[in-house]
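Spelled out from the first residue to the last, the chains are:
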Amino acid sequence: MIRAKNRKASIRIYIIPFVIVTLFASIILMVMTNNIKNNFYEIKKEEGHKIARSVSTILSHGIEASTTILELLEDKLENSLKVAQAYSGNYSDEILIELADTLGLDEMYVYNSEGVIEYSNSDKYIGWKPAWNHPVYAFKNGRDDIEIDRIRQGSDSELFYKYGYIKNSDGTMVQIGILAEKVNQLFESTSIQNILDDMARDSSIIRLDALDSSYLITASSDEDLIGYQLNSEEIISDVKNGKIHGRINSIGGEDIYEIFVPFDYEDNNISAFGIQYSLREIQPLIRRNTLNTIYGLVIVYLALILSIIASYKRDKKLVQVAYFDTLTGLPNTESLVNRLNENKYRKNNAIFMIKCANINLINQAYGYEYGDKVLKELGDKIRTIESKDIKLFRFTDDKLVLYLQNYEDEEELFFILKKMEDVLHQPFRINNISQQIIIRIGVIKFNEISQETIDQLLKKATIALGYTDMHKNFNYNFYNEDMESAINREEKIERELRVAINKEDTSIVYLAYQPIVDTKTSEIDGFEALARMSSEELGHVSPAEFIEIAERKQLIIPLSKLILKVACTFIADLTKVGYNNLSVAVNISSIHLIQEDFVNTVLKILEETGANSNQLELELTETIMVENFQLANDRLKELRSNGIRISLDDFGTGYSSFDRLSELSVDTLKIDRHFINNITETRNVSYLTKEIISIAHILGLKTVAEGVESDAQRSYLEENNCDKLQGYLFSKAIPKEEVFILLKKYNGIK
Ligand code: C2E
Ligand code: CA
Ligand code: CA
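Right, let's walk through the structure included here. Here the structure is a predicted model, which means the values were calculated and not measured. (Residues numbered from 1 in each chain as written. Chains lettered and ligands numbered in written order. Predicted model: local features only at pLDDT ≥ 70, side-chain atom pairs only at ≥ 80, totals over all residues. Heavy atoms only, no water.)

## Quick look at the coordination of the calcium ion (ligand 2)
Ideal coordination angles are 109.5 degrees for a metal with four donors arranged tetrahedrally and 90 or 180 degrees for a metal with six donors arranged octahedrally. The calcium ion (ligand 2) binds to the protein through Glu528 (OE), Asn587 (OD1), Glu619 (OE) and Asp649 (OD), with metal-donor distances spanning 2.1 to 2.3 Å. Ordering the donors of the calcium ion (ligand 2) by residue number gives the pattern E-x58-N-x31-E-x29-D. The metal-metal distance between the calcium ion (ligand 2) and the calcium ion (ligand 3) comes to 3.9 Å, with Asp649 coordinating both. Within this pair, whereas Asn587 is found in strand β22 (residues 583-587), its partner Glu619 is found in strand β23 (residues 616-621), the two being separated by 32 residues in sequence. For Asn587, a relative accessible area of 30% gives the class partly exposed. (Donors = N, O, S within 2.8 Å, 3.2 Å for Na, K, Ca; no water. Helix = DSSP H or I, 4+ residues; strand = E, 2+ residues; numbered from the N terminus. Buried < 20%, exposed > 50% of the residue type's maximum accessible area, 1.4 Å probe, protein only.)

Here you go:
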């Protein structure tokens, strides 16, 4: 028996895929976010490079252009000064205006020897004298005769000028000036601070710094930071080695990415740029990436949930298949075992092993589909008495188990049996056929159980079942220890029967023949073949015992075939010797009779053994009148059409009615021993026996009296025209060899 663990559809196993999927998604999210960031950092470093390069280009180009322009300007000033010198001694405001005009100068002044402006091209500044710290003052007192000043603001002006001065031999002095606003702007624009300011206008750049060789911020788009010292050794070392250093930093709560780009433009004292980028620009990217991952996750979760639902349903179905019987819908044997295991320590349990005893016959008569409906109906009916402590299970094909827990006393058990009898009392109506069900129940009471005794318990219940009376419609039996040894004997008998059948061993199973005497002639009219069994281990076993076992163990058909073969061989032997009108009656189980190939089997055996069909008689009990009447009767008709005669055995013990008997295709009625035993003692019985004989004759049947033991019985039967007699009065069943001696005695020499 399979011992199943409790299997239930569990949701727990699906947690692992959930965790794995979530973990995977988180890792993917992390890796992708990291990639986005790294990519961003790389791009920013690249950008940093470009910025540095463009700064150096701007610087070099700007400086180059300014230098050229300045040189040209200086040349022009120098030449103009020399031209102005030529007018020495002839200066006047008008001349200065004309000269300035032709030379393209913006300002022109002549200082007298005192160093005071005497003439001007603009009418302005006449009488003005430079202070001691003014460049003109420095020139006057200096040694140079000619000088070109750097671009500077006019003394009293916002505008920038390029001035030049020349000394004349008379002590006077000429100053000229060209408005150099554009040149100055050019210079201004190439100043590092301006470049940084311009570039920092890019929205992603938060700040741009220029650092000098001692890593001091010398220019910055945030001028407040000018003068700050960079201290990080790591950054300084990277920059010194020409590497861009990047790091994540935070300013005022905002995350930034900061890079330091080495810079080697020699003319300026700049050794590095610091560029700070806002990380805000990558945030949407990361957010989008996270969202995508979440969408993906949701899809995967949905798919998982759907598959969980699907497989949960499938599991449930599997559980249904594994623990429930599909035919009756009842929980099956595995469920029963589980239930018993669950309640191991409960006291006062009982198992009712319920068997539908005639289900085989029903199956064979109406087909398995019909039989299944009978079983289902049986289950449905018994189910109505289920309660918290009473549960019904399907055990094997033809058995159900009612499991009762916590019963109070034995009376409760009888009460349940009574309830079952009540619900099963009404005949079953299936496909409009009313069916009498024969129920046998084996009951076993038990207290605590241990694992290994579950099998034993169920076996014991089955044993008790085996001890019920076959002839009642509802019968039960309680298990007791004696049954166990009986069961062992039964198993031994079964084993021996199998050997006899498989080896056709007629030393184990053989036939004895009891004569049947004709009342009129007192001669032997025929024999009844009675099966005998004996073995070394068991000694003699009565046919009542082993035939019943063979029927239960489904051995009756092969056994019956073997018996028929031996009996037919005996017929052939009788014929050979000349007894060609003696009949031999063979007992046949109803189970065998209703086999589809029964008639063919008999005919085949007759042919094989060379026996005459007219000498073969088959004895059947009246149970066939109750079960499957129509089918059995059809079989009988077929047999009789082949010359085989039919006897109805044990007449009067069952449910037979003369009504039915008139329809049944038989030749002979065998009146049961019970009637014969009592004919001389009980008036009623003797009256009944007489009646049976006369009615049988009215129906055209011959009568055989069984168990005739006394002369009184014989006389009575003779008086009442019983056709044939069988019993110990004449002879017990004897072996084949003795038959011939007996025949000589009764029938004379043939
Ligand atoms: P049965 O068919 O009614 O057989 C008659 C039984 O009555 C035989 O018992 C026989 O020995 C016994 N008997 C005969 N005369 C007397 C008598 O004067 N007094 C008493 N007390 N008994 C008498 P047996 O041989 O023990 O057989 C018992 C039953 O076993 C048979 O009852 C029959 O139902 C069954 N049986 C025997 N052989 C076979 C067989 O080959 N096939 C089948 N299916 N059943 C068989
Ligand atoms: Ca018989
Ligand atoms: Ca009989």
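## A closer look at helix α19 (residues 629-641)
Along its 13 residues, α19 runs 18 Å from first to last C-alpha, staying within 8% of the 18 Å computed at 1.5 Å per residue. Buried within α19 we find Phe629, Ala632, Asn633, Arg635, Leu636 and Leu639. End-on, the buried residues of α19 take up no more than an arc of 160 degrees, which puts them together on one face. Once α19 finishes, Gly643 follows within two positions and takes phi at roughly 90 degrees, a positive value. (Expected span 1.5 Å × (residues − 1). Arc of directions from axis to C-beta.)

## Quick notes on the coordination of the calcium ion (ligand 3)
Within the protein, the atoms that donate to the calcium ion (ligand 3) are Asp649 (OD), Asp650 (OD), Glu706 (OE) and Glu706 (OE), at distances of 2.0 to 2.5 Å. Here the donor residues for the calcium ion (ligand 3) map to a single chain with the spacing D-D-x55-E. Judged by relative accessible area, which is 6%, Asp649 ranks as buried.

## Describing the nonpolar core
Of all hydrophobic cores here, the largest spans 77 residues; its most connected members are Leu618 and Leu717. Counting residues per element, this core draws most heavily on helix α15 (residues 556-577), which supplies nine residues. Grouped together as the second largest cluster of nonpolar side chains are 32 residues, Ile362, Ile390, Leu413 and Ile439 included. (Core = buried A, V, L, I, M, F, W, Y, C linked by side-chain atoms within 4.5 Å.)

Without other data, these values stay purely geometric and don't point to any function.
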